[in-house]
Amino acid sequence: MSAQPSGGGVEIAQLAKTFRAAGKTIPAVRGVDLSVAPGETVALLGPNGAGKSTMIEMLLGLQTPDSGSATVFGRSPADAVAAGSVGAMLQTGGLLAFTTVRELLHVVGSLYPDPLPVDEVMRITGVTDIADRRTDKLSGGQTQRVRAALALVSNPDLLVLDEPTVAMDVEGRHTFWAAVREFARSGKTVLFATHYLDEADQYADRIVLMAHGRIVADGPANEIKATVGLRTIRATLPGADLNALGRLDGVTSADTRGDAVILSCQDSDAAIRALLADFPAAKDIEISGAGLEAAFLTLTGEPQEDLTEELTR
């Protein structure tokens, strides 16, 4: 593996990009600031249209920002890519046809000054068993793994992944993330966008949550979950009055799953006291914090008024 690069990590300052469609200005990225330190693994989360892919494309030099700046290890995105410091796996893209996987990796690796050994890349990404198969004979999941190998073969200091596990089955996803973890352990930097919340929760050091072109949360998964302030109480309570449970102090909503009741709470302390006072038969009580899905839905559900105003300008 190459030595740690100089010039810091990824630095994005007041980055903005708009598009014109149907006579309207559509803000895709709106004044984003973001720093990713060398060696960090950062997940980008957000609903469709949040601006994740547009920001990634500007970071790779594929889109020109309207304003703001992005640097990668002290270089412009174009210079960093040209130097082989950045490897990328985007949502779209095919493989050169009529070559074997091994041949394609050798060709791409030869374009860079310090590539990884092809056999090592194939081992890391789990494509050794299809090394001599033609690229036009691969399944969707196999194609994704080969695309990941192509992103790694240049031995990049920054690996950028945009929805990398689409079309992969559960086993393929597991193999893929094992490869990314092995790559990151050498001190490499990884930035990935995903719709799979469990991937972000399990594999990222830090999560950056985007909505409507802005960053709405940035931190470790446990901190983002804690910002929501929601807790869930689950208890066994056959035949419970759902309306009465919903009116308990600290409870925002109540639901049932067979004999179990599930209470969503803003104040779990008040809710548990009220539950035990009004329903002493409750048993098998569990209290848990909000999951990443709850935080995602809460933090990205901001009002649309400011976006509507900007669209009509």
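Sequence order sets the numbering: in each chain, residues are counted from 1 along the sequence as written. Under the rules for a predicted model, residues below a pLDDT of 70 receive no local features and side-chain atom pairs below 80 are neither given nor counted, while totals for whole chains, interfaces and linings still include all residues. To obtain the side-chain values, all non-hydrogen atoms of the structure were used and water was disregarded.

**Here we look at the sheet that holds strand S1 (residues 10-21)**
An order of S2-S1-S4 is seen for the three strands of this open sheet, with the pairing classed as antiparallel. Here the strands that pair on one side only, and so sit at the sheet edges, are strand S2 (24-36) and strand S4 (67-72). Neighbour-to-neighbour, the strand axes of this sheet turn through a mean angle of 30°, independent of strand direction. Taken together, the five bridges between S1 and S4 define a ladder with antiparallel strand orientation. Paired with glutamate 11 across the strands is threonine 71, a residue of S4. The contact definition used throughout considers only heavy atoms, calling two residues in contact when any of these lie within 4.5 Å. Comment: axis = line fitted to C-alpha atoms, over the contacting stretch for helices; angle = value between 0 and 180 degrees taken between N-to-C directions. Strands here mean DSSP runs of E at least two residues long; helices mean DSSP runs of H or I at least four residues long; both are numbered from the N terminus. Packed on one face of the sheet, helix H1 (residues 52-59) meets S1, S2 and S4 and runs near 120° to S1. If DSSP finds at least two bridges between two strands, the strands pair.

**A few points about helix H8 (residues 221-228)**
Residue burial is assigned from relative accessible area. The probe radius is 1.4 Å, only protein chains are included, and a residue is buried under 20% of its type maximum, exposed over 50%, and partly exposed in between. Among the residues of H8, Ala221, Ile224 and Val228 are the ones counted as buried. For H8, the buried positions fall inside an angular range of 65° around the axis, keeping them on one side. Pointing more than 90 degrees away from the buried face of H8 are the exposed residues Asn222, Ala226 and Thr227. Contacts from the buried residues of H8 go to helix H7 (197-203), strand S8 (206-211), strand S9 (214-219) and helix H11 (292-299). It is the directions from the helix axis to the C-beta atoms whose arc is reported.

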